[in-house]
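As a plain string of letters, each chain reads:
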Amino acid sequence: MRERNLGPLAVSELGLGCMGMSDFYGETDDTESLATIDRAVELGVTFFDTADMYGPHTNEVLVGEGLAAVRDRVVIATKFGIVRDPATPSVRGISGRPDYVRAACDASLTRLGVETIDLYYQHRVDPSVPIADTVGAMSELVAAGKVRHLGLSEASASTIRRAHSVHPIAAVQTEYSLWSRDVESEILPTLKELGIGLVAYSPLGRGFLTGRFTAMTDFDAGDVRGSGQFSHRFTDDGIAANLRLVERLQSIAAEKGCTAGQLAIAWVAAQWEGIVPIPGTKRRAYLEENLGAAEVALTADDLTQIDAAFPAEEVLGDRYNEQGMRSVNR
């Protein structure tokens, strides 16, 4: 697999998001998840994404186990900042306090079983703590050899600039797909200007752009997408309205000889060479399909056709519910 750069950090052009292996998307199977990680390594993936809040905590343990034998050949990214108590995981807070940053890093190092975290993100910006204080504490982790590169997740352009002035930011992670394009207005131009990479999570629109989900009943028990509370996009009305856009995408994909999911990932990657999509999955079959997007070459005419078929203004609903939207682009 080819490489791309996130600032100074070289990674595979597609990464693997590991969240769903342990949380949020229904039943989990550690055996299949570990096999999926193994298969990703075999296929050339070197970039793996986790966070301390996935599980909570258990996903870091799983990823650390899965990559232990190839630690020197892979880049592990994890995050801090969304606080969840395993005893009451539905209750969440956000913390960017320096003492919390240091404690969270030490805990992640232990769970991952590594000496250094390659890319360490602030998962959500804490509005009660100046970003300079949080990033200052993160920079101390770099100086101590516990972290190699710093990142932010779901940060606004102004926050990115302030953070980057304290310590170089290698990458910003945010949701980016054909139906989540708010990053294009201010954040993406800022990243290009500053030489910061963009890690695009949910490039498949949380699976919706694959065409697999056509009704609320298609989601497994325990899958937050089927709760009706995650986002208006994942309600009966939202699915029905947005499915028309996916059907257009499927038609173009058929012309290109690929799947709608592969086309959606390839579209994200084609927006800029500094973008690394990290489609998530917990199954080998979907992993192999997703990685096939690396072989989908899109021309300028293809991109124009896709944009016309999937205009952002026709997407119904925000990407999170009201509470979730308050925590992004800070």
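Here the residue numbering is sequential within each chain, running from 1 through the sequence in written order. Residue-level local features of this predicted model are given only where pLDDT is at least 70; pairs of side-chain atoms are given and counted only at 80 or more, and the full residue set underlies all totals for whole chains, interfaces and linings. For side-chain calculations, the full set of non-hydrogen atoms in the structure is used, while hydrogens and water are omitted.

1. Comments concerning the overall build of the protein chain
Move 1: Note on conventions: DSSP H or I runs of at least 4 residues are helices, E runs of at least 2 residues are strands, and numbering of each starts at the N terminus. When helices and strands are counted, the protein chain shows eleven helices and twelve strands.
Move 2: Taking the principal axes of the C-alpha coordinates as reference, the protein chain spans close to 50 × 40 × 40 Å.
Move 3: Think of it in three bands: residues with accessible area under 20% of the maximum for their type are buried, residues over 50% are exposed, and the middle band is partly exposed, with areas taken using a 1.4 Å probe on protein chains only. With 330 residues in all, the protein chain has 58% of them scored as buried.
Move 4: Only heavy atoms enter the contact rule, under which two residues are in contact if any of them lie within 4.5 Å. The contacts in the protein chain between residues at least 6 apart in sequence include a share of 76% that link residues at least 24 apart.
Move 5: Carbon and sulfur atoms make up 48% of the accessible area of the protein chain, which totals about 13300 Å².
Move 6: Asp and Glu count as negative and Lys and Arg as positive, but His and the ends of the chain are not part of the count. One atom stands in for each charge, and that atom is NZ of Lys, CZ of Arg, CG of Asp or CD of Glu. Computed over 31 positive and 46 negative side-chain charges, the separation of the two mean positions in the protein chain equals 3 Å. Working definition of accessibility: Shrake-Rupley area with a 1.4 Å probe, residue cover restricted to the visible protein chains.

2. Some words on unusual backbone geometry
Move 1: Geometrically, the link from Gly55 to Pro56 is a cis peptide bond, its omega value of -10° lying close to zero.
Move 2: In this fold, Pro56 is placed in the loop between strand S4 (47-49) and helix H2 (58-67).
Move 3: Even without being glycine, Ser202 reaches a positive phi, approximately 50°.
Move 4: With respect to the secondary-structure elements, Ser202 resides in the loop between strand S11 (197-201) and helix H7 (236-256).
Move 5: For Ser202, a relative accessible area of 14% corresponds to the buried category.
Move 6: Phi at Asn329 is positive, roughly 55°, even though this residue is not glycine.
Move 7: Inspection of the secondary structure assignment puts Asn329 in the segment after helix H11 (322-325).

3. Some thoughts on H2
Turn by turn, an α-helix covers 3.6 residues, leaving residues three or four places apart pointing in a common direction.
Move 1: Of all the ten residues making up H2, seven are buried; the element is thus mostly covered by neighbouring parts of the structure.
Move 2: The complete set of buried residues in H2 reads Asn59, Glu60, Leu62, Val63, Gly64, Gly66 and Leu67.
Move 3: Turning to H2, the residues buried within the fold contact helix H1 (30-42), S4, strand S5 (75-80) and helix H3 (98-112).

4. Quick notes on the packing of aromatic side chains
Move 1: Pairing of aromatic side chains requires ring centres within 6.5 Å, counting the rings of Phe and Tyr and the six-membered ring of Trp. Pairs whose planes differ by under 30 degrees are stacked, by over 60 edge-to-face, and all others tilted. Considering all chains together, one arrives at nine aromatic pairs under this definition.
Move 2: Geometrically, the ring pair formed by Phe213 and Phe219 is stacked, given 4.4 Å between the ring centres and 20° between the ring planes.
Move 3: A cation sits over an aromatic face here: Arg225 above Tyr25, 3.9 Å from the ring centre. Consider the ring centre and the ring normal. A charge sits over the ring if Lys NZ or Arg CZ is within 6 Å of that centre and within 35 degrees of that normal.

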